[in-house]
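Spelled out from the first residue to the last, the chains are:
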Amino acid sequence: MTLLGTGVVVMAALQVAVLGGDTELLLPSKQEPLPCTRGFTQMEHTIEMDQELAKGQAVFNVSFMDCDGGKVFFKVVDSSDFGVSEDGVVYTLRRFSLVGKGGATVVVYGQDPQSEEVWKTRVHLHAGTTLVKPSDSALTQRVPEILFPWRSMVVRGDSTVRRVKRDWVIPPINVPENSRGQFPEDLVRIRSDRDRNRMLRYSVTGPGADQPPTGIFIINPISGQLSVTKPLDREHISNFHLRAHAVDLNGNQVENPIDIVINVIDQNDNRPEFTHTTFNGSVPEGSKPGSFVMTVTAVDKDDPKTANGMLRYKILSQNPQSPSSNMFTINNKTGDIITVAAGLDREKVTQYTLILQATDMEGNPTYGLSNTATTLIRITDVNDNAPEFTTDAFFGEVHENRVNVIVANLTVTDKDQPHTPSWSALYRIIAGDSAGRFSIPTDPTTNEGLLTVVKPIDFEANRSFMLTVEAENEVSLARGIHLPRQSTATVSVRILDINESPEFNPNPKSIRLEEGLPAGSLLTTFTAQDPDRYLRQTVRYSKMYDPANWLEIDPVNGRISTIAILDRESPYVKNNLYNVTFMASDNDIPPASGTGTLQMYLLDINDNAPHVSPPEVEMCEKPDPNAINITASDPDLTPNAGPFAFELATRPSDVRRNWTLSRLNGEHAQLRLWIGSLSSGIYEVPIMITDSGNLPMSKTSHLKVKVCQCDHHGDCVDMERIVAAGLGTGAIIAILMCIIILIVLVLLFVMWVKRRDKERQAKQLLIDPEDDVRDNILKYDEEGGGEEDQDYDLSQLQQPDSLESECVKVGIRRLDEMPLPHDHQYPHRSAAPHPGDIGDFIHELTKITIRPAKGTLNQTRPYYLGREFSDVIVLAGHIPPRVDPETAFDTICVTTSALRTRHPEALIIITSDLNHW
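Residues numbered from 1 in each chain as written. Predicted model: local features only at pLDDT ≥ 70, side-chain atom pairs only at ≥ 80, totals over all residues. Heavy atoms only, no water.

Asks: Summarise the packing of aromatic side chains; cite the residues concerned and give the values.
Replies: If you walk through the whole model with that rule in mind, you get 17 aromatic pairs. Residues Phe526 and Phe582 carry aromatic rings whose centres are separated by 6.4 Å and whose planes lie at 85 degrees to one another, so their mutual orientation is edge-to-face. In this pair, Phe526 is assigned in the loop between strand S46 (522–525) and strand S47 (528–529) and Phe582 in strand S51 (residues 577–585), connecting sequence segments 56 residues apart. For the pair formed by Phe526 and Phe582, the shared burial category is buried. Three or more aromatic residues link up through ring pairs in this structure, and these residues are Phe40, Phe64, Phe74 and Trp119. Lying over the aromatic face of Phe73, Lys71 brings its terminal NZ or CZ to 5.8 Å of the ring centre. (Phe/Tyr/Trp six-rings, centres within 6.5 Å; stacked < 30°, edge-to-face > 60°. Helix = DSSP H or I, 4+ residues; strand = E, 2+ residues; numbered from the N terminus. Buried < 20%, exposed > 50% of the residue type's maximum accessible area, 1.4 Å probe, protein only. Lys NZ or Arg CZ within 6 Å of the ring centre and 35° of its normal.)

Asks: An account of the nonpolar core is needed here, citing residue identities and associated values.
Replies: Grouped together as the largest cluster of nonpolar side chains are 24 residues, with contacts concentrated most on Phe217, Leu226, Leu232, Phe240 and Ile262. Of all the secondary-structure elements, those providing two or more residues to this core are strand S19 (173–176), strand S20 (185–191), strand S21 (200–205), strand S22 (217–219), strand S23 (225–228), strand S24 (239–248) and strand S25 (258–265). Filtering out sequence-adjacent residues up to four positions away, Phe240 remains in contact with Pro207, Gly208, Ile216, Phe217, Leu232, Ile260, Val261, Ile262 and Val264. (Core = buried A, V, L, I, M, F, W, Y, C linked by side-chain atoms within 4.5 Å. Contact = heavy atoms within 4.5 Å.)

Asks: Please set out unusual backbone geometry residue by residue, giving values where relevant.
Replies: Cis rather than trans, the peptide bond between Phe183 and Pro184 has omega equal to 0 degrees. Its location among the elements puts Pro184 in the loop between S19 and S20. A cis geometry characterises the amide bond from Asn507 onward to Pro508, with omega recorded as 5 degrees. Along the polypeptide, Pro508 turns up in the loop between strand S44 (503–504) and strand S45 (509–514). Positive phi, normally seen in glycine, also occurs at Glu116, with a value near 55 degrees. With respect to the element layout, Glu116 can be found in the loop between strand S14 (104–111) and strand S15 (118–127). For Glu116, a relative accessible area of 59% puts it in the exposed group. Of note, Asn447 is a non-glycine position whose phi angle comes to about 70 degrees, a positive value. Within the secondary structure, Asn447 sits in the loop between strand S40 (438–439) and strand S41 (449–453).

Asks: Give me the pairing of strand S52 (residues 593–603): which residues, what numbers.
Replies: A one-sided burial pattern is seen for S52, the buried positions being Gly594, Gly596, Leu598, Met600 and Leu602 and the unburied ones Ser593, Thr595, Thr597, Gln599, Tyr601 and Leu603. Two elements, S45 and S52, share six bridges in a ladder whose sense is parallel. Note on S52: the bridge partner recorded for Ile511 is Met600. (Pairing = 2+ DSSP bridges.)

Asks: Before we move on, can you summarise the environment of Gln321 with the specific residues and values?
Replies: Relative to the elements of secondary structure, Gln321 occurs in the loop between strand S30 (312–319) and strand S31 (328–330). By relative accessible area, Gln321 is classed as exposed at 57%. In this structure, the C-alpha to C-alpha distance between Gln321 and Thr353, residues 32 residues apart in sequence, is 9.7 Å.

Asks: Break down a nonpolar patch on the surface for me, with residues and values.
Replies: Together, Ile733, Met737, Ile740, Ile741, Val744, Leu745, Leu748 and Met751 give the surface a local cluster of nonpolar side chains, amounting to about 770 Å² of exposed area. By the secondary structure assignment, Ile733 is in helix H4 (residues 729–763). (Patch = residues over 30% accessible without salt bridge, like charges linked within 9 Å, V, L, I, M, F, W, Y side chains within 5 Å. Areas by Shrake-Rupley, 256 points an atom, 1.4 Å probe, with all protein chains shown as cover. Salt bridge = Lys/Arg side-chain N within 4 Å of Asp/Glu carboxyl O.)

Asks: Please provide a residue-by-residue account of the confidence of the model for the chain, values included.
Replies: Mean pLDDT over the chain: 77, with 75% of residues reaching 70 or higher. Low pLDDT, under 50, characterises residues 1–33; the predicted model gives this stretch 94 contacts beyond four residues in sequence or across chains. Note that pLDDT drops below 50 for residues 129–142; the model gives that stretch 17 contacts with residues more than four away or on any other chain. (pLDDT = per-residue confidence, 0-100.)

Now the structure itself:
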């Protein structure tokens, strides 16, 4: 198969025919078999090609007849521009150009590795038409044809036929982008030599034809003319891979499909574009010429393998143009910016602005397209300026004994960038402070040095200081820069005197002494010295803290003596130490005072007798076991404490009959019960305990043993615990009696309330008319005897109507009846009561006894409702069952009215039981 494309002609030993002015490559349809000869099918090749070939682009294919003689290896000799594959495809090893050259010759060798036989063929390359542009008309002047290969046979120049090892490789078709021609525009004609005998149909498939983007390429199905329908854009699609097909009218394939590659030739239709509108870079000040600064990048969508996409950079302008207008340069191919001049100084110029330009067509100002961008180059700071003090001498003053006090502020200037390590200053004292009394921290905001006192200074020892101070930066100075004289200064510090407090020495002061010293004993002398020795002040002493109030101090000479007996066992003594604080004050105005502590270590003496511990124990009535372990306790220390001796006291005598005591060890003993059981109660067992001091001390301790009833676990029951708490049997009985009496009183009160309610209900009952005797009482105008008569005339009882108003006036009411309204009217009764009933009641009322007040009510005159009476009159009688209570009450009213008339100063008492009275 042979492709005759634009500017490319593949020539082989074929028969050439001219049909209608068009060039056609024909293969004979029939040929007789001829003898096969190994070797290249053609010894010389002439090929027209483009002036420019890309790297790796296939140029042509050599054909070799192997005649089944084995594998043959191909190689190109004496050429570094071309190579050959094992299939015989010659391609470029690098970009190849015939511009300015007449042509080129490529020699391809074939060698049999077994027989080492060598064959060769020559290929002559020469430039065809020039680079096609949209304005060229050569594209339409001549349309090449592609002939489908039919059989694997070729016709040699001597009319011999040889079998071809493989098909032809069709060179790509080059089509320029952005064509302005008339569309559709013809590209190539595809035909088969079989279309002479039959009607064929041609078609193309692939992206750009029947696959997206569809419709870019079309083919005339009859003539095989392949055309493009619109301008191509290489930046969108750089090449198309199509496949051509030839079928008969029945759709049967008559030729194998061939591949057609259409390359879109680039045009310079895109400007370079910088990756950023503004680039930012930096370079340290003082950099030497040739120092790298930054790299800028621009891209061009055109083919980078052609001049259309080859960019060149340059600097259009620099601002500011100080100290030179050409401080920087740029590599025109890589875009690297470097310095070309010295003198970069951040303190003078902090930033440079460069305007850059990128141009394609290898920077050709006439044909190339260009674009610009801005580059900001920041000059970074280096420590090329040392800090300098604003003055050579500083002054300050401070009171003695003060610490963490700022004495003076040391100010410096630094031209470097503020708040960077090259600007921040560090201060150090290089002379005048061997004891390290001062330090100079840095204020991070102002960069000042703060001269500070860190150790107390005594005015009496040092009255002034002369310090030499040096300032430097946090980072070292740049190479070649040295500290100037202004980086060193002197500081004069004057110390001011203050009234200092007297100081005890030593403080605290420790002494050792035995406890038990009597009051008035001299212990020691505790004095203080006044640091202000030039003032000659007087020191006075006083006591500040003495929790047990054991000591006193002489205010003049500081002698300390006791005012109470020292006791090591006091709760104020901790670990045998007792601390007392004293104060010393001078006589300045205002006075200064200091404190000192006296630590007394008290040695133990045998001044405490031992005692039993615990003081109370519990025991069951029938103990099992019947022994109790006790412990001796002594607040003294060894050897004035244990081991202890235990002994039961001889009195009372029953102690040793009931108890026995045995010593277990130096601190414990066992109390055992002689008898089998004891009744519940509290028993005191006297036990004498003696310590082991140099002068032994003994004491009789009473162990309280609480004997109680126990449960099956051996624990006392609750009632017995109450007894054990201190309540005896008599107290418990008294408590129970009080509870019983309280209950009885509550019951009596309830009964009284219920009885009163019943009496009120009885009064409201209806009375039988036969019992009403009021209508049967006769009225007589007779009066009784005088006041001295003991026989009372009760005839007035027969006339109750005459005394009705008097009775109401007296206002006597039954105690069990609520007062009745004044306008109460008795109900009318049709029949009078039986006269015998009321008679009996009157007979009972005659049993009247008048008792004098003397000797009646505890030999005193009777009082009732705050009134004093001379005599007592008792009116006794029972109301018969058939007598109406209201009638009986009226009768009593009449009787008492008559008695009050005769005895106005007497107390009248009405009762139903004369004997009880």
